[in-house]
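These are the residues of each chain, in order.
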Amino acid sequence: MSQSERPEKDRPWVMRTYAGHSTAAASNALYRNNLAKGQTGLSVAFDLPTQTGYDPDSPMSRGEVGKVGVPIPHLGEMRQLFDGIPLTEMNTSMTINAVAMWMLAMYQVVAEEQNPDATPEEVAAQLAGTTQNDIIKEYLSRGTYAFPPEASMRLIADMIAYTVHQIPKWNPINICSYHLQEAGATPTQELAYALCTAIAVLDEVKNAGQVSAEDFEKVVGRISFFVNAGVRFVEETCKMRAFVQLWDDITRERYGVEDPKMRRFRYGVQVNSLGLTEAQPENNVQRIVLEMLGVTLSKNARARALQLPAWNEALGLPRPWDQQWSLRLQQVLAFESDLLEYDDIFDGSHVIEAKVAELVEGAKAEIDRVQALGGAIAAVEYMKGELVSSHAARRARIEAGEEIIVGVNRFESTEPSPLTADLDGAIMTSDPEAEQTAIASVEAWKGQRDEAAVADALAELAAAAKTDTNLMPPTLVAARAGATTGEWAGTLREVFGEYRGPTGVSGAVGTVTSVGSAGEELGAVRAKVKQTGEELGGRLRLLVGKPGLDGHSNGAEQVAVRARDAGFEVIYQGIRLTPEQIVSAAVAEDVHCVGLSILSGSHMELVPAVLDGLREAGLGDVPVIVGGIIPDSDGRRLVELGVAAVYTPKDFGLTEIMDGIVEVIRTANGLA
């Protein structure tokens, strides 16, 4: 076939890299570098204080500033983040939820400043992008919520109404099933819980009365999804086709949307990070490619935007070169292969059709179950428990060898890898001065602003929050006046109150202990736990704590469930605890061991604070173990500081970890 006879190619999807770290200036340089390499959209990663509505100088922010993303505490930093990047020409995705309204307001104001000759309305009409803004999955899996569910849903509905009228090219919400799969969701659960969230959001918008019946189709048309793709790429392909079918059914039957374009399932993807391994991490490259195929092969269910993790994300923060490698994977598929030249290659496949039908049937049944409980908000605790149970079942299958992970529980022998010859050099470290830089930035910002204007704007925001007024206009006023992220969120916390999400642990189904060698191993550990408890005069008590703002609680939940199965009395109070609260719990519960879970990179700040607190409380002899994404050099330093054991993703055997905890307790208490 000659070049002229080849079929015309489809346009490629938007290619993004999820990025942001240390400071706005450093992140801006990274964005401009990635755009120069052919990236076609931006995906902003914010640090945890920003995501949860705290300024860098808040006690809650200790150790977390600039770790998993970029700190944006005020308008000046938002200006710096997008310096030299014309926002009216850019497609920007912001992974932000609890404070999504605030971030969109600052983004809009920066765009206005970049275009002084246009009116604010003209600028807003040109902005294109997405705010994630899915709070329900934060309660279920990711933990970066700030306000109670009802207030959070009100903020989402206000944003949707505002964008439909003022920023029509903006996706105000990205229903995010990505983190549901990371938390253990099966394909059926991912489908069902994401679609139940979409139903809850659309019902909220409809009931709020800010959008006319004529404009409601536009609301449906601006709803987008952010989906996970695992390594079982045939099943993932079918899942995406099921999403398309189910969304078309829901929007037509439940909401009466007539226009097929408004019923289109529009989604972006970050492929799976849950399956990336610390052991033989080079295998992650082929995993990422297979996961990418699951959301690109099927034309009728192809992703509109795609971002890939880096091969070394289970080790730590990827370097620019690692992110470039992931971008090149997309570019080779889109521009070298013939994928985009054909109609849907799965149409007519009876295998695919049967699997899609199975997923649709299962998802509809689970959707009906959630709706019968009162909808997604009312069913948060139910869904959380189901996810923890699914994750526990997956971990048990891996440990039993029923689910094979190459390099982890099969084919473990390996040649030395040149990629990880220097483990500390194989990842990037965030700027250790980022926290002080951000604190200084806030101080300088406050020193040059009009304090009276800020106070008036925040008072206006608080007054509006006590009514049913749309909160986007007063939020824009606060952004223009110079309020900070923490001040905006703090003002609304005063009105809406605080909230702690369910842990899902108490109702979770743990491992089956009577099958095969895995059951025998757990039985042996249970006997050791029982014996050690008897020797110490009572049942062994394990405190599982998550200090700091890291809301990725999957590991902590699985440790808590397996420890319970192993016979421990488990004290787990959920996420977002200060070191002082963890120490207080250790004292109150008279625990035999403290286990800390930190995945955000703040371990070198928060773990020593817990150790010091335990010593001051007279519990210096209580052993502390730590789990998380911890580089070897940091692990060695933690042991030097007094940590009894450090576990990282390569330590996938939870029963082995339980055995290790018993040994740590025995050693600490002088038992042979």
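Preceding block: the structure.
Attention here is on the structure that accompanies the text.

1. A look at the overall build of the chain
When helices and strands are counted, the chain shows 25 helices and 15 strands. For the chain, the spread of C-alpha atoms along the three principal axes comes to 75 × 70 × 50 Å. Looking at the chain as a whole, 59% of its 672 residues are labelled buried. Considering only contacts within the chain whose residues lie at least 6 apart along the sequence, 80% involve residues at least 24 apart. Of the charged side chains in the chain, 59 are positive and 92 negative, and the gap between their average positions amounts to 3 Å.

2. Some words on the environment of Ala-644
As for its position among the elements, Ala-644 is in the loop between helix 24 (632–641) and strand 15 (645–647). On the basis of relative accessibility, which here comes to 41%, the residue Ala-644 falls in the partly exposed class. Put simply, Ala-644 and Gln-80 are 564 residues apart on the chain and 43 Å apart in space, counted from C-alpha to C-alpha.

3. Digging into the pairing of strand 3 (residues 42–45)
Where burial is concerned, the two faces of strand 3 agree: the one with Leu-42 and Val-44 and the one with Ser-43 and Ala-45 are both buried. Since strand 2 (residues 18–19) and strand 3 lie parallel, the crossover through helix 1 (residues 24–36) that links them has a hand, and here it is right-handed. As paired strands, strand 3 and strand 4 (residues 91–95) are joined by 4 bridges and run parallel to one another. Bridged to Ser-43 within strand 4 is Ser-93.

4. With respect to the packing of aromatic side chains
Per the counting criterion, the structure on display carries 17 aromatic pairs. Here Phe-243 and Phe-265 contribute two aromatic rings whose centre-to-centre distance is 4.8 Å and whose plane-to-plane angle is 15°, an arrangement assigned as stacked. Of this pair, Phe-243 sits in helix 11 (residues 233–253) while Phe-265 sits in the loop between helix 11 and strand 9 (267–270), and the two are 22 residues apart along the sequence. Given a relative accessible area of 0%, Phe-243 falls into the buried group. Of the residues examined, Phe-265 reaches a relative accessible area of 7% and is grouped as buried. Across the ring face of Phe-411, the terminal group of Arg-410 is positioned such that the distance to the ring centre comes to 5.8 Å. Directly above the ring of Tyr-145 sits Arg-576, whose terminal nitrogen or CZ lies 4.8 Å from the centroid.

5. Some details on the nonpolar core
Residues Met-103, Phe-225 and Phe-568 are the most contacted members of the largest nonpolar core, which totals 173 residues. Once residues within four sequence positions are removed from consideration, Met-103 is found in contact with Phe-46, Thr-50, Ile-72, Met-78, Met-94, Ile-96 and Thr-485. Ranked by size, the runner-up nonpolar core spans 23 residues in total, among them Ala-586, Ile-598, Val-624 and Val-626.

6. Remarks on the side chain of Thr-475
Looking at where Thr-475 falls in the secondary structure, it is placed in helix 18 (residues 472–481). In this structure Thr-475 comes out as buried when scored by relative accessible area, which is 0%. Those residues in contact with Thr-475, other than ones at most four positions away along the chain, are Met-101, Trp-102, Ala-105, Leu-461 and Trp-488.

7. Concerning helix 13 (residues 320–336)
Across its 17 residues, helix 13 extends 23 Å between first and last C-alpha, which sits within 8% of the 24 Å expected from 1.5 Å per residue. Those residues of helix 13 that sit buried are Asp-322, Gln-323, Ser-326, Leu-327, Leu-329, Gln-330, Gln-331, Leu-333 and Ala-334. On its buried side, helix 13 packs onto strand 1 (14–16), strand 2, helix 1, helix 12 (283–294) and strand 10 (305–307).

8. Here we look at unusual backbone geometry
The backbone of Phe-411 shows a phi angle near 55°, a positive value even though the residue is not glycine. Counting through the fold element by element, Phe-411 comes out in the loop between helix 15 (380–400) and helix 16 (434–448). Judged by relative accessible area, Phe-411 falls into the exposed class, the value being 53%. Not every positive phi belongs to a glycine, and Asp-590 is a case in point at roughly 50°. Within the secondary structure layout, Asp-590 lies in the loop between helix 22 (579–589) and strand 13 (593–598).

9. Quick notes on the sheet that holds strand 4
Working definition: the strands of a sheet are paired by backbone hydrogen bonds and lie parallel or antiparallel to each other. Spatial ordering of the open sheet is given by 2-3-4-5-6, a layout of 5 strands whose pairing is parallel. The open sheet is flanked by strand 2 and strand 6 (170–171), the only strands paired with a single partner. Strand direction decides the pairing type here: strand 4 and strand 5 (residues 128–131), joined by 4 bridges, are parallel. Following the sheet pairing, Thr-92 is matched in strand 5 by Gly-129.

10. Some thoughts on the pairing of strand 12 (residues 569–572)
Within a regular strand, the side chains alternate between the two sheet faces. Sheet topology note: the strand 11 (residues 541–545)/strand 12 ladder contains 4 bridges and is parallel. Residue pairing in the sheet places Val-544 in a bridge with Tyr-572 of strand 12.

11. What to know about the sheet that holds strand 8 (residues 223–227)
One open sheet accounts for 5 strands, arranged 1-10-9-8-7; its pairing is parallel. Both edges of this open sheet fall to strand 1 and strand 7 (173–176), since each of them pairs with a single strand only. Neighbour-to-neighbour, the strand axes of the sheet open up by a mean angle of 20°, direction not taken into account.

12. A look at the environment of Met-103
Along the chain, Met-103 turns up in helix 4 (residues 100–114). It is 43 Å that separates the C-alpha atoms of Met-103 and Asp-565, two residues lying 462 residues apart in sequence.

13. Regarding the packing of helix 11 against helix 12
Across the interface, helix 11 lies against helix 12 with an axial gap of 8 Å and an inter-helix angle of 30°. In terms of their interaxial angle, helix 11 and helix 12 are classed as roughly parallel. The interaxial crossing formed by helix 11 with helix 12 has right-handed handedness. Taken together, the residues of helix 12 that come into contact with helix 11 (itself represented by Phe-233, Glu-236, Thr-237 and Met-240) are Leu-290, Leu-293 and Gly-294. Taken together, the residues of the contact of helix 11 with helix 12 break down into 4 nonpolar, 2 polar and 1 charged.

Parameters at a glance
Residues numbered from 1 in each chain as written. Predicted model: local features only at pLDDT ≥ 70, side-chain atom pairs only at ≥ 80, totals over all residues. Heavy atoms only, no water. Helix = DSSP H or I, 4+ residues; strand = E, 2+ residues; numbered from the N terminus. Buried < 20%, exposed > 50% of the residue type's maximum accessible area, 1.4 Å probe, protein only. Contact = heavy atoms within 4.5 Å. Lys, Arg positive; Asp, Glu negative; His and termini not counted. Charge placed at Lys NZ, Arg CZ, Asp CG, Glu CD. Right-handed = clockwise from strand over helix to strand, strands pointing away. Pairing = 2+ DSSP bridges. Phe/Tyr/Trp six-rings, centres within 6.5 Å; stacked < 30°, edge-to-face > 60°. Lys NZ or Arg CZ within 6 Å of the ring centre and 35° of its normal. Core = buried A, V, L, I, M, F, W, Y, C linked by side-chain atoms within 4.5 Å. Expected span 1.5 Å × (residues − 1). Axes fitted to C-alpha atoms, helices over the stretch in contact; angles between N-to-C directions. Parallel < 35°, antiparallel > 145°, perpendicular 65-115°, else oblique. Left-handed = near helix turned anticlockwise from the far one by under 90°. Nonpolar A, V, L, I, M, F, W, Y, C, P; charged D, E, K, R; others polar.

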